[in-house]
Amino acid sequence: MSKELEEILNQIKGQLTGDKDYDLKYLQAQIESFRGHEFGGEIAKECSRMIYDRMSEEERNEAVVDMGKDRVVDLRIDDEPEEGEAIYYSFYEFFEEVMVREFMELDKPVKRTETPHADIAMQQGLNQMMEKNYEEAKKSFEEAMKWNPVNTQIKLSYMKCLEAEGAWEEIHQLALSAISYAFRPEAVAQSFVYLGKYFEQAGKNKPAAAAYYIAISYVEEEAQAMEGLRRIGMHLKEKDIRRIAEKYGFIPGANPAILSLATGLGEQLFGQQMIDGAYYCYDIVYGLTGDEKIKELLEGIKKLNL
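A brief look at the structure comes next. (Residues numbered from 1 in each chain as written. Predicted model: local features only at pLDDT ≥ 70, side-chain atom pairs only at ≥ 80, totals over all residues. Heavy atoms only, no water.)

Another point: the nonpolar core. Counting 77 residues, the largest nonpolar core has Phe-95, Met-99, Met-159, Phe-192, Leu-195, Phe-250 and Leu-288 as the members making the most contacts within it. Look past the residues within four positions of Phe-250 in its chain and what remains in contact with it is Arg-49, Leu-176, Phe-192, Leu-195, Phe-199, Pro-207, Ala-210, Ile-214, Ile-244 and Ala-245. Ile-8, Ile-12, Leu-27 and Ile-31 belong to the second-largest nonpolar core, a separate cluster that totals 16 residues. (Core = buried A, V, L, I, M, F, W, Y, C linked by side-chain atoms within 4.5 Å. Buried < 20%, exposed > 50% of the residue type's maximum accessible area, 1.4 Å probe, protein only. Contact = heavy atoms within 4.5 Å.)

With that out of the way, let us pick up the environment of Leu-24. Position of Leu-24 among the secondary structure elements: in helix α2 (residues 20–33). Leu-24 sits 27 residues away from Ile-51 along the chain, and the two C-alpha atoms are 5.8 Å apart. (Helix = DSSP H or I, 4+ residues; strand = E, 2+ residues; numbered from the N terminus.)

This paragraph deals with the pattern of salt bridges. One pass over the full model with this rule turns up twelve salt bridges. Put simply, Lys-13 and Glu-46 hold a salt bridge, and the shortest N to O gap is 3.6 Å. Of this pair, Lys-13 sits in helix α1 (residues 3–14) while Glu-46 sits in helix α3 (residues 40–53), placing them 33 residues apart in sequence. For Asp-283, the salt bridge goes to Arg-184, with nearest N and O atoms at 3.7 Å. Here Arg-184 lies in the loop between α9 (168–181) and α10 (185–201) and Asp-283 lies in helix α15 (residues 275–289), a separation of 99 residues in the sequence. Salt bridges sharing partners connect three or more residues here, namely Glu-93, Arg-184 and Asp-283. (Salt bridge = Lys/Arg side-chain N within 4 Å of Asp/Glu carboxyl O.)

The backbone of Lys-132 shows a phi angle near 60°, a positive value even though the residue is not glycine. The backbone of Gln-273 sits at a positive phi, close to 65°, despite the residue not being glycine. Along the chain, Gln-273 turns up in the loop between α14 (256–271) and α15.

Structural data, given as structure tokens:
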């Protein structure tokens, strides 16, 4: 983190009062005021995390649905660019492409390759890892991430390789990145497991336990998280988890921006009578929130599509 960005964030934090309503409005205003700033993305991410920390679980779910309702996602297919004018990626599924378009500041059109380069590179890395050829495996996983920078499974495979080498600082950064892009409950849970492992090996049991508790909130029987909690032997309440997450710089759950994006895109596709696409997006939201209103919406969409 640059010194200038750190100073800006400290100034923002210094203006927080502890009054929930005031702080939420203030943080939202800071996101808007720094839009277009050199560090606008980082400031928005940190302010969003602080907003998220101050909300109850019900408020979080309602907020991301409301935030997404008026969001319009650019679904236009780029005109065929001339050679060298596009950035090519290898995606596993549609929402990954949406995330790249929405979250990454690119100055060229995004195009999907016909060849599954990311999958080829990841499989190569897994094979090399089985042979304990970790240096070559890391190169393969890095190649896979170039082709698909938002895929969580690639990052999880890479972290498994790094774990074998004890490269915990690299695991820490990759875990945070994986959490920011994970949009399936299993991926969120496994990403938090690695974050928990990082803290646990560093002797920081409180954030480790918090990460493990978050993991099992997405996948109840997550074996590694449950084993980690048994080792640590620490009970935490939700408010403790949120406080610890804020202290150690991670969001206490799935990225709210993912939920907002999936909600907005689902509504947009539904309005365009693209029923399968709308169901796909709302299914992402339901998987991450368990929101009964979204479940009812999914059941209604399923009946429309019979």
